[in-house]
Every structure is written in structure tokens, then in C-alpha cells.
4 protein chains.
Amino acid sequence: MVVVMQEGANEEQIQNVIERLIQMGFDVHRSTGAAHTVLGAVGGAAVDHRDIELLEGVREVIKISASYKLASRAFKPDGTVVTVGPPGRQIKIGGRHVVMMAGPCTVESAEQVSTIAGIMSDCGIRVLRGGAFKPRTSPYSFQGMGEEGLKVLRDAADKHNLLVVSEIMNQTQIPMFLKYVDILQVGARNMQNFDLLKELAKVRRPVLLKRGPSATIEEWLLSAEYIMTGGNHDVILCERGIRTFENYTRNTLDISAIPVIKKLSHLPILVDPSHGTGRRDKVAPMARAAVAAGADGLLIEVHHAPETALCDGAQSLYPNQFRELMSQLNIIAPAVQRAMM
Amino acid sequence: MVVVMQEGANEEQIQNVIERLIQMGFDVHRSTGAAHTVLGAVGGAAVDHRDIELLEGVREVIKISASYKLASRAFKPDGTVVTVGPPGRQIKIGGRHVVMMAGPCTVESAEQVSTIAGIMSDCGIRVLRGGAFKPRTSPYSFQGMGEEGLKVLRDAADKHNLLVVSEIMNQTQIPMFLKYVDILQVGARNMQNFDLLKELAKVRRPVLLKRGPSATIEEWLLSAEYIMTGGNHDVILCERGIRTFENYTRNTLDISAIPVIKKLSHLPILVDPSHGTGRRDKVAPMARAAVAAGADGLLIEVHHAPETALCDGAQSLYPNQFRELMSQLNIIAPAVQRAMM
Amino acid sequence: MVVVMQEGANEEQIQNVIERLIQMGFDVHRSTGAAHTVLGAVGGAAVDHRDIELLEGVREVIKISASYKLASRAFKPDGTVVTVGPPGRQIKIGGRHVVMMAGPCTVESAEQVSTIAGIMSDCGIRVLRGGAFKPRTSPYSFQGMGEEGLKVLRDAADKHNLLVVSEIMNQTQIPMFLKYVDILQVGARNMQNFDLLKELAKVRRPVLLKRGPSATIEEWLLSAEYIMTGGNHDVILCERGIRTFENYTRNTLDISAIPVIKKLSHLPILVDPSHGTGRRDKVAPMARAAVAAGADGLLIEVHHAPETALCDGAQSLYPNQFRELMSQLNIIAPAVQRAMM
Amino acid sequence: MVVVMQEGANEEQIQNVIERLIQMGFDVHRSTGAAHTVLGAVGGAAVDHRDIELLEGVREVIKISASYKLASRAFKPDGTVVTVGPPGRQIKIGGRHVVMMAGPCTVESAEQVSTIAGIMSDCGIRVLRGGAFKPRTSPYSFQGMGEEGLKVLRDAADKHNLLVVSEIMNQTQIPMFLKYVDILQVGARNMQNFDLLKELAKVRRPVLLKRGPSATIEEWLLSAEYIMTGGNHDVILCERGIRTFENYTRNTLDISAIPVIKKLSHLPILVDPSHGTGRRDKVAPMARAAVAAGADGLLIEVHHAPETALCDGAQSLYPNQFRELMSQLNIIAPAVQRAMM
């Protein structure tokens, strides 16, 4: 912690701050400049820096220790590669391949999922996405098929040798999800559902953690830290748009979060351009941008008949649009020393 | 729904949109202007307006029906007054009195809560606040005393004839909370924890619903709607700051949400200037502003020794600051035909 | 400047940073903690802290010196009181009185301004506002009456013994404005029009500086600093809403900026609830909130017939609404040891 | 304009709104639904929709006409290609080639610019950027070399057969700039300096219009409209980051603005990843993302010795980083049917 005293702070005020810091267990180094006195406080326990900030004569207190440890790049400088799936069907996220996860927004029926899974499989996709429990802003919207939807996903995936990612809503659902899915997805609205995160920490299955629409990158990494402190280190981050004043797009997809996360953390980062833009015609440009910026993978909604989709059809790609996107990504990936999978 | 066609959209495109709307069960009224054709679609089921927006020749689709019904002012033009507490200790929120809820951020011990409850009671406060389960951004922060904390709150409140409000973290805690608290608080991070909201809808006890830091007012009212559709109409809203680019304050307290809610909804609205600013020296000005703008109450953190508080001491008022604030609010309330309680 | 080294930074990297800082003219104090080495750099010239931030082994660089000096509270701890107007008609801004500036958004005709000025004068208002040059987002909107509008304002003001505030658009207009107005208003869009600010610095007449819709408080004070460094210390700040994701209101009026400015700066601060909300029915609540939070004055749009106004009629109060607001403010002001003027 | 009446609005209120609309010159079409009455208003002059919104019984008023005309895609469906430079040195922006504009943030000396121009020329770059007048947030920062800087740019450009783009600060500088530059750059802070825009409308030289950090896309296009209504149709848009709550990056580069602009407007769009991120190590990823998303060009800061730069060295690429970026972009551009220039 660094404490910056106000210009003109008197000696009594400075001594008062120093004493307080020492009480808190810090070693204090004092620097006296022309305008300001600066106190460096090293060691000491975790304290609320605002407690010092409100002392007389203090202008500003600056935290130094990164609040996350296990999620920081320093903890694992070479980067994490998360292995997903049972032996024989495993894929790696965070390695040389850019991983595509695709499928419908919502599971509607066995036929629907089977059709889309077949198309995905033909495209070389290895991970099937689909929602069985839907967090809907309005209580009047379709809330998902529930456990039956998870079964449908698992069956379709097994038929086509795919892995499954699906969103979990609360900690009581964990045992159910472990029966059906290979990756447990935490939605943006649940990024700070700490009770859910603490229980996911006890599981030994990869977690895909979406960024909250108003979460800073630091808060996002702290949520990852919740999962990691409990022993589950297989966390995959996923950027899906932040809320800004610009309303033409549903959210503003923060592409710069990709290089920032690559510097701050060792965890892999995916991007969801479907939720990040909310409109089919913006999905492909943003998917290309994400890969060009260094994303480790994409989460994309595809539907064989989006106009009949029960949910978010407007942001789902048609299969032929998806194939065209794949061919563009195959061109782009080598520019960042990657290949598509 | 109103569909605005692009300038220059041709007749085939227009007919295509009309047919699609009729299929969806809408009655369609067509207006042809110099530049644009506009289609008014009335009736019909709830549909995703983006499905129409992506049709050829469509420039824009505008939703008309308010997505919330029970929470809207039209549903109850005279405004809701929520009665809290058991007979003999009841208070009313949303009526002539501006209701203060005050107490420590976090329950630390029976002594601490008892001391503060005594001070609050002497100030004429009727509702004691305090956190027993704490949603902390970092896994390394103090996570609360748990059920023991709820007991401590209840005991202190009973001794001083106070009511209790405390934050619930997930739906499995509902039976436990019903034993101890008079108002169930849903924190900002849980505003869209729909599984929690659905279970609170089945309870017959008032819910205090905080606004999420990046939630629009419409989304906030839709979360209230989740609770009301299940039959629990005793919802109290609470503004606690939104996230903006300005970082001097922890959040930007959106005071204008008060008159906006008063127009859109019949539900009472409180303001939490402690979390909304994060700094003790900003709490009183914002509390005064909230009452002057028409808030139905305040949620304020007070601590007899903030410098020793385990959590958020920096935003807790000293008892004498709280008393001074009360005397200022007593001057202001009559300007809006209210009185403090 | 404080330089925080990465966890695990080696001695060579640390020495390299120290040498670079010394080259830049800093005295360097080193603190070695368990996890981090921290370097305090005192003295030295103004440098771009990012130059250090990009050196090997550096985690973060923290600026210490406030970038503004003349505008900071430390420069004038007692607060500035700006005197406006010629002898005999002077008023003071920043003193005990909360100053109202009111009038039409736009000057439309001599009759219109004269009517409104008469009403304002009857209400005890001392400063007449009105726009003669209008910065309009669209080139197709009414752009104002120009110099003729300024004359009309001056004449009406003189007839009723009022002072005039009006918005200036660029530095070539300064001589013209000096003939007619008592306060030169810099609009939100011009807050960082540095060429205009530099010329206003040479003038000896008060400047009312509105906050840009996406300006941080620090940037706002730096714009004030531009005016003050040239010798014009009569700067009055005016908060008028910042841009956020919430779109029900045109902008989000940042009421918390009032106590923040009071702490950081000695300059007086006004609030404009008319532009800050964009809707007549929100003006009075926000005006009350501003005074309750400690604002030194208000800038409010009033029109005798808003439904015929050429510009922003929707945010103009009717005279009777204005009178009712004044009576409410008269109740509120004493709560903060102020009186209305 | 579409007027949505409140649920329960009575016939008198509806008739009142209809009469008012007819007075304003609109043809009105009425649709009566189960819950709402909707009035479509066609024709009529430009009016402030809030005037209707505040009438009794009105819930909401929705604007229909796009406020910009000349800048809209409908005005020129095939897209604009702007030709820059004198015969013999011309380039085209908005065509098949992705155009790079590169150079130092600030002109420091003839030697500096000449060195960088030589490197740029060797890389195949055709447009040299550099600031001679600098809009600096702080009055204590270096404000640029002025006209001498423009001369230096022109000389270096001529020696290497390059074109020049440089930022203009106000309308009085136009004649001076016309002597030296091929593209007049309007900085983000001047995007709504309407007096400047009106004068640039009279010029026959391309204008590069940066997006303001809090400007919506609609406001940006309206600023372009200011230039185009005066007869100057050679407007090039440039995205450079918007202000959001995320502060790790200086701004959040809004990559999704690229496909949005491509749909709404016919004007070419560039991206400035140097100002958009503020950090050298984020420039290349965001430059790649921009090209992958369909940008027509890039504006990038390059310096042969960034550590000695007078301004923004931290966001300037080293020449070898620039060359590596170019080779990556050469791989990416074909994915969107483009080539680099």
C-alpha cells in the first residue's frame, strides 16, 4: 500500500498515519518530496485501504498487491491448457488450436439438437453448446426444457462424438449437470454468484466463466480465483460484451479484453460474439476480430432454422453462414500462429 | 410492435413482413409516408422483435408493450404501501413517512450489534440492517458470521423493538431467513438470480430488491415482476449506484432513478448512499439528495467504531454523524410533504 | 510516481528502472516487500508514466502529483467566491446564497425574453440565462439568433436589473460576448476546446464551465486549470449529466460530483437539472437533490409557453412550476446552512 | 413518429394528441390494440418528440426518420470511395485496399519526422500522420510545434512521395492547413465543434472525423452530416475508443462500430488502435481485429525511438513491431476480400 499525503499535511498528521500503519502490521518507508510526502507500507494483513484514506491529511491510498493470486500470470507464466472431455474424446483449450463451441441458444427438442449436432460435426466442430435452463430477464419468457434438455444434448453429442457445454443456474444443480455435461458454464449474470462459485471449486470438471456485463477485468479474475482457491484450476474465461452507452448493439464486445487477459492471467479466454452483439449480421465480423486479437476459442450460436427458434434466433447463424465464417477463420488463424479446430 | 421499413423498401418486401406478422397472430395497420412505410402490429404473442428486424427491407422494429405488468404504475396507480413486521411493531413503507434502515455493514458480534441497535433505537430508527452472509468480490475477504449472525441481529432487534433487514444469498437459505428477518434483502449481484427470485415469489414476507450496478430500470422492474408473478407483491426497490466511467466514487448513485421509478411503477423506492458512494464523507450529502428527490426511505451503514469494522468501515457513519444527518433530513422532508421516521 | 515491480522481478530489472528514473531527474526510494519491490520516485519533471510502465519487470506505475494545481482545494482551502456583474448589480457565487440562473433554453424573440425576464425578476431571480448560439447535434436543427439574440438578452436583463449568462461557441466570439454577457458559458461539448479555454484565460470575466458528458472530474478540473493558468481565476463549474448505459433519462445527473468537487477543489459548483434530465417532470426533483447535496446554484430552463418553444421546450418548467420549486428550495436550503437567492 | 398511449388512456386524451399532431402537419393513423392505442404520425415537420411525450396519457414517443440523410447508406448504397491527394500520388480510401496511415504522435523535429517517414515509405505506407497542434488534457503538457510542424511534415512527405494527415484544432486554422495537408483530421474532442465542422463543409479536401469518446454512432453520423450538408462529401470516419467503466485500457475500442457503420452509412471507416488502447502491447492485436472486422484502414503511431518521444511514446510501435504487424495484416486481409496498402 502506498499512502500519498496531501500537499501541506503537517508532521502530526503524517506521524498519525505511520502509527496506524505500524499497528496494522506494516513496515513503513517514508519519502519526502517537494510537494508530497509518500509512505510505502509493506507487509501487513489485507486491510480496507479506505480506512487509511479517511485519516486527516491523507490524499490518496494506492493498493499494490494484486487481489488475485492463483489466476495471475505470475502464478503460471507459461499459460494454462485445459483438457476437456473423457479419454478418447479429449480436446485442449488454450493450446495451439482455436476451439469452436457451437450449437443452438436453447434446446427445443431432440430433433432440433440432433439436426444441429450433425451439421456441427460435419463442420469439424468438437464442442456442442445449448441451453437447458435459461436465465431470462422477463418471467414471461420461455425458461428452458430443464433436465430433459440436458439429456437431449448429451444424447446428440454422444451420437456425433462431441463434447457438451451448458449453463448451470445454481449450486443445487451441480450433481445433475455432472451427469450430462463436459464443461459447466457460468452465465454473465452469475459471475458474482459466490455460493455457486464456491461449490464449483469442489468439482473436478472445467468451468467456463462468462464476464458480467459490468464487471471489470479484475473482478472477473477474482471470480475465477473463487473457483481456483477451492482446487478447481480448470477455468476458461469467456468475454461476451460489456454494457456501455452505445445501444445500437446489445452490448459492446470488449475485444481488447483478450490481450489484457493474456497479460494479466494464464487462463484461456474465449469470446461469445452471439450474445456480445445480439444480431446475426454482426457475429461473423466480431468472431473474426476475436481470433485476430488472439482468442483461444469462440462460443457461437447456430440454428438450422433460426426464424423458428424459441430464443435468440436473431443472433443465430444459419449453417451456411457458419461454414463461410469457418473458412474465413482458417485464413486468419495462421496470422497469430494458430489453427482452427 | 411497430415496424419501420427502410427508405426505398419495395412492395414485395413490405408484403413479406406483413405476412410474417399475420402468421405470428398480429393485426397489421399500414401507414405510408413520403419516406417510410410504417407497420403497426397489434395483438399477437410475445415475440423476439429481432426476428422481424432481420427481414429484408426492415430498418427498425420498436417494441410497444411494457414488458412488466404487475410492477407498472398502471397496475396500481395510487402506489403501493408495504407493511412490514408483526402486529404491534408494524411500519409502512411507501406512505407519508420516509423510513430509515440503519446498522452495521456486517454483523461482527452480539456486543457490536447490541451497541449499535441501542444507538439506532435512541435515534428513533425502527429497522436494523446488518449482513450475516456477505457477497465478497474476493475469496480472501471475510465472508460473514452466517446463521449465528442472523440470531444476533434478531436478538438485538427484539431487545430494542426493531425490525430486521438482512441479505439472503441463495434460495436454499429462505427457510432459515424466515426465522429471523422481517425483510429479505436481495443484493445487487443477485438482482438477476432468477432461481432466487422465483422462490421469493412464494414467500409472504417483504423483499427489498437492490438494483444491479449495470441494470437498466426496465430490467430492475422485470426482476420485481419475477417476485410479483408468484404472488408476493410486497417488493421494495433500492437504488445503490450504477457503474459508470467516473471512478472517484465507487459507483454513481443514480438519484434520477427516484422520480423515474415513481412514474413507471407503484413500488416504493429506497436509496443506499453507503454502498452508492463507498465513502463516509459522501454519505450525508447523497442521503439528503435522495430524500429531497422523493425517496421513500434510506438504507444507511452506521458503526459505533468504524475504524475497527471488519467490512466497509470506510463507508459507515459515526453515530454523531448519523444524528446530524437525521436533523438535516427532518428539515428537508417537509419540502416534499413527508416526515422522517 | 510510485513504481510497483512484478512479483519475481529480478535485480537487473529493478536496477534498470532505478537508473531510468534517475536519468529523468527523480530521487528514488526503494521498499522491498515479501512479494513486491516498490520504488518511490520524488521530484523529476512531468513524464508520461506509461514510459516506465512498459519497462521489463514493471507491474504498474502510479501517478502521485495532482495534475491540476490552481484548481485544487489545497491552493485555496477556504473556497472561492466569484463576484459577478457590475457594481450595483453584483452577486456572489460560492458564498452563503444558492444562486438561481433561469430563463429560456433559446432566445426566440424580444417579446419572449422580455416576458420570461419579467417573470424571473418577480421570482427574485438575479441571473437570466438564454442561448443565442446553439450547438445542435443535427445540422437541420435551429441554430440560434446569433448576435441579435445576445442584444435581446442584454436589453431584457437591463430592464429588469438582471445579469446575463449565455453560451459562447468559439474564441472568435469573445469580443462580441464581452459586450453583452456577465458570465461566459462554455458548453459541455466545448469543455476540451482548448483553444477556446486559452483565450478565455485572458479575459477578466467569470466563466461557467460545464462538465463534458464523458469527462472525469479530473479532466474537468484540468480544463478549469487551462483558464486559471492564464490568469482568469473566476471559474464556476457546472454539472449537467454524464453519459451512462441508462437511457430513460437523456443523461445521468451525477449529484455525487457536488461533494467530490467540494473536497477536491475550491471552485463553486452549479447544477443544470434541465439538460441533466431532458424532461420537465424530472427537473424539480433533481434541483431539490442538488441543493440538498450542497450545490452553490442551479441553472434552470423556464419558458412562459414551453409547448411553443423552438428548442428543448420539453425540459422547460412552466412559471408556476418554477415558483413551486423555489418554495421547496427555500425549505431545503437551511438544512445545509444556506439561503436561496 | 409513433405515439404509444398509456394503458387506460381515455378517449379525450387520445383525441387531444391527434389534434396536436394534425396541428403540427402530420397525417395520423390510429391502431387500437387490446392494451394500447398507437398513433402513427406521417409527414409533418421536424419536431421535438418530447413535446408530445409530455402530453397527458402518452406513454412513449418513437422517432422514425433517421436524423441523418446524406451520411446514410440509403443515400449511396454502393459505398463511398474517397480519393486523397494530388494527381500522381492519389490513393483511394473505402475501396479494395486497406489503407495504413502511420507516423509519430507528435512532430518533434525535421530529423525525427524524416527518419520515420523514410521507414514508413520503406514499409510501403502511403500516408504519413503526425500532430503539429496537440489538444492536451493538461495545460502543462507540450502543445505542439505549430505551423513549423506542418511544414516539417509536408517536406518529409514530399521527399518520400507520401500524403499527409494532421489534426486541425479550430476553424481559423483552415487556410494554413490547406497549404500543408492532404487530409484534415478532426480530433475526438472536436467531433461536436460545430463551428469547425461548418467551415470544413466549405472546403474541398477530405476530412477524417474521429468519434468522440462518448458519442453514439448516430451523433457521429450527424457530425459527418454537418460536413456533408455544406457540400464536402469526402468524409472518412475513424473509431478510436469509447469511454466505459473498464479502466485497464485508456478507452474501449469499439470494434463492433465497424460492421454497424458499414450497415448504416456509405462512408469509409478507419480505426486508431494507438489512441484506442493507449499501450504499445495492445496495438497490434487490436489492429488485426479491426482489419478482420472489415475496417477500411488504420491510423497507427510509429516512432523510431518511442522512449524519447515527447508525447504518447508508450503507445507508439517500434519500426520492427510495425513491420511484423504489416506481415500479419497481409495474411488477414484476404479473409475479408481485401489487400493491404
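Residues numbered from 1 in each chain as written. Chains lettered and ligands numbered in written order. Predicted model: local features only at pLDDT ≥ 70, side-chain atom pairs only at ≥ 80, totals over all residues.

1. With respect to the overall build of chain A
Scanning chain A from terminus to terminus reveals 11 helices and 15 strands. With the C-alpha coordinates aligned to their principal axes, the bounding extent of chain A is approximately 75 × 40 × 40 Å. When burial is assessed residue by residue, chain A has 58% of its 341 residues classed as buried. In chain A, once contacts between residues fewer than 6 apart in sequence are set aside, the share between residues at least 24 apart is 65%. (Helix = DSSP H or I, 4+ residues; strand = E, 2+ residues; numbered from the N terminus. Buried ≥ 20, exposed ≤ 12 C-beta atoms within 10 Å, placed from the backbone. Contact = placed C-beta atoms within 7 Å.)

2. Things to note about helix H11 (residues 319–332) of chain B
One full turn of an α-helix is made of 3.6 residues, so residues set three or four places apart face in the same direction. End to end, H11(B) covers 20 Å across 14 residues, agreeing with the expected 20 Å (1.5 Å per residue, within 8%). Every buried residue of H11(B) is accounted for by B:Pro319, B:Phe322, B:Leu325, B:Gln328, B:Leu329 and B:Ile332. Buried residues along H11(B) sit against strand E7 (97–103), helix H3 (110–122), helix H10 (280–293) and strand E15 (339–340) of chain B together with helix H10 (280–293) and helix H11 (319–332) of chain C. (Expected span 1.5 Å × (residues − 1).)

3. Topic: the interface of chain A and chain D
For an interface, size is often stated in terms of accessible area lost upon the parts coming together. Taken residue by residue, the interface counts 32 residues in chain A and 33 residues in chain D. Contributions of two or more residues to the side of chain A that touches chain D are made by helix H8 (257–264), helix H10 (280–293) and helix H11 (319–332) of chain A. When residues of the side of chain A that touches chain D are assigned to their parent elements, the largest contribution, 8 residues, is made by H10(A). Taken together, the residues of the side of chain A that touches chain D sort by class into 18 nonpolar, 9 polar and 5 charged. (Nonpolar A, V, L, I, M, F, W, Y, C, P; charged D, E, K, R; others polar.)

4. A look at the relation of the copies chain A and chain D
Each copy of the sequence occupies a distinct position, and chain A is placed on chain D by a rotation of 180° and an axial shift of 0.0 Å, giving an RMSD of 0.0 Å. Taken together, the rotation and translation relating the two chain copies correspond to the operation of a two-fold axis. Looking at the rotation axis and the C-alpha trace of chain A, the residue lying nearest is A:Ala289, at 1.9 Å. Interface residue correspondence from chain A to chain D reaches 100%, placing this contact among same-surface, isologous pairings. (Least-squares fit on C-alpha atoms with pLDDT ≥ 70 in both.)

5. What about the confidence of the model for chain A?
Looking at chain A, the pLDDT average stands at 90 and 97% of residues meet or exceed 70. Of the two predicted TM-score estimates for the complex, the pTM is 0.88 and the ipTM is 0.88. (pLDDT = per-residue confidence, 0-100.)

6. Things to note about the interface of chain A and chain B
Counting residues at the interface gives 34 residues for chain A, matched by 34 residues for chain B. Ranked by residue count, the leading element in the side of chain A that touches chain B is helix H7 (residues 217–229) of chain A, at 5 residues. Looking at side-chain class alone, the side of chain A that touches chain B contains 11 nonpolar, 10 polar and 13 charged residues.

7. A few points about the pairing of strand E14 (residues 297–301) of chain D
Residues and elements named next belong to chain D. Within E14, 5 of the 5 residues are buried, which leaves the element mostly enclosed by the surrounding structure. Of the two faces of E14, both are covered, the one formed by Gly297, Leu299 and Glu301 as well as the one formed by Leu298 and Ile300. In this sheet, E14 lies alongside strand E7 (residues 97–103) in parallel orientation, the contact comprising 5 bridges. Looking at the pairing, Met100 lines up with Leu298 of E14. Alignment of strand E13 (residues 269–271) against E14, held across 2 bridges, turns out to be parallel. The partner of Leu270 across the bridge, within E14, is Gly297. (Pairing = 2+ DSSP bridges.)

8. Examining the relation of the copies chain A and chain B
For the match of chain A to chain B, the screw axis carries a shift of 0.0 Å, the RMSD comes to 0.0 Å, and the turn is 180°. Mapped onto chain B, 100% of the interface residues of chain A are again interface residues, and the two copies thus contact each other with one and the same surface.

9. Some thoughts on the pairing of strand E10 (residues 183–186) of chain D
Residues and elements named next belong to chain D. Residue alternation in E10 divides its side chains into two sets, Ile183 and Gln185 and Leu184 and Val186, and both sets are buried. As defined by bridge partners, strand E9 (residues 163–168) adjoins E10 across 4 bridges and the pair is classed as parallel. By the bridge assignment, Val165 is partnered in E10 with Ile183. For the handedness criterion, the β-α-β arrangement of E9, helix H5 (residues 174–180) and E10 is classed as right-handed. With 3 bridges connecting them, E10 and strand E11 (residues 207–210) associate as parallel partners. Residue pairing for E11: Leu184 is matched across the bridge by Val207. On the question of chirality, the crossover connecting E10 to the parallel E11 by way of helix H6 (residues 194–200) is right-handed. (Right-handed = clockwise from strand over helix to strand, strands pointing away.)

10. Topic: the packing of H10(A) against helix H10 (residues 280–293) of chain D
One can describe the packing of H10(A) onto H10(D) by two numbers: an axis separation of 7 Å at closest approach and a directional angle of 155°. The orientation of H10(A) relative to H10(D) falls into the category roughly antiparallel. Like other packed secondary-structure pairs, H10(A) and H10(D) cross with a definite hand, here right-handed. Here A:Pro285, A:Met286, A:Arg288, A:Ala289, A:Ala292 and A:Ala293 of H10(A) come into contact with H10(D), specifically with D:Pro285, D:Met286, D:Arg288, D:Ala289, D:Ala292 and D:Ala293. Of the residues that constitute the contact of H10(A) with H10(D), the class distribution is 10 nonpolar, no polar and 2 charged. (Axes fitted to C-alpha atoms, helices over the stretch in contact; angles between N-to-C directions. Parallel < 35°, antiparallel > 145°, perpendicular 65-115°, else oblique. Left-handed = near helix turned anticlockwise from the far one by under 90°.)

11. What to know about the environment of D:Ile300
Residues and elements named next belong to chain D. Note that Ile300 resides in strand E14. Here Ile300 falls in the buried class, since 26 other C-beta atoms lie within 10 Å of it. Put simply, Ile300 and Ser316 are 16 residues apart on the chain and 7.7 Å apart in space, counted from C-alpha to C-alpha. Ignoring any residue separated from it by four or fewer positions in sequence, one finds Ile300 in contact with Met100, Ala102, Pro273, Ser274, Val283, Ala287 and Leu317.

12. Quick word on helix H4 (residues 147–159) of chain C
Residue and element names in this part refer to chain C. Here H4 is 13 residues long and its end C-alpha atoms lie 19 Å apart, about the 18 Å a rise of 1.5 Å per residue gives. All of the buried residues in H4 are Gly149, Leu150, Val152, Leu153, Ala156 and Ala157. When H4 is viewed along its axis, its buried side chains cluster within an angular range of 160° and face the same direction. Here the buried face of H4 lies against helix H3 (110–122), strand E8 (127–129), strand E9 (163–168) and helix H5 (174–180). A positive phi of about 60° marks Asn161, the residue just after H4. (Arc of directions from axis to C-beta.)

13. Details of the environment of B:Asp234
Mapped onto the elements of the fold, B:Asp234 is located in the loop between helix H7 (217–229) and strand E12 (235–239). For the pair B:Asp234 and B:Cys311, spaced 77 residues apart in sequence, the C-alpha separation works out to 30 Å.

14. A few points about the domain arrangement of chain A
According to the domain assignment, chain A contains domain 1 (2–62) and domain 2 (73–340). Computed from C-alpha coordinates alone, the two centres of domain 1 of chain A and domain 2 of chain A are separated by 45 Å. (Domains from an automatic or database assignment.)

15. A few points about unusual backbone geometry
All names here are of chain A. Positive phi values are uncommon outside glycine, yet Asn161 reaches one of about 60°. Structurally, Asn161 can be placed in the loop between helix H4 (147–159) and strand E9 (163–168). A residue is classified by how many C-beta atoms lie within 10 Å of it, and Asn161, with 12 of them, is exposed.

16. A few points about the environment of A:Leu222
Structurally, the position occupied by A:Leu222 is in helix H7. Classification of A:Leu222 by C-beta neighbours within 10 Å gives buried; the count is 25. Residues A:Leu222 and A:Val58 lie 164 residues apart in sequence; the distance between their C-alpha atoms is 28 Å. Those residues in contact with A:Leu222 that sit more than four places away from it in its chain are A:Ser67, A:Tyr68, B:Thr137 and B:Ser138.

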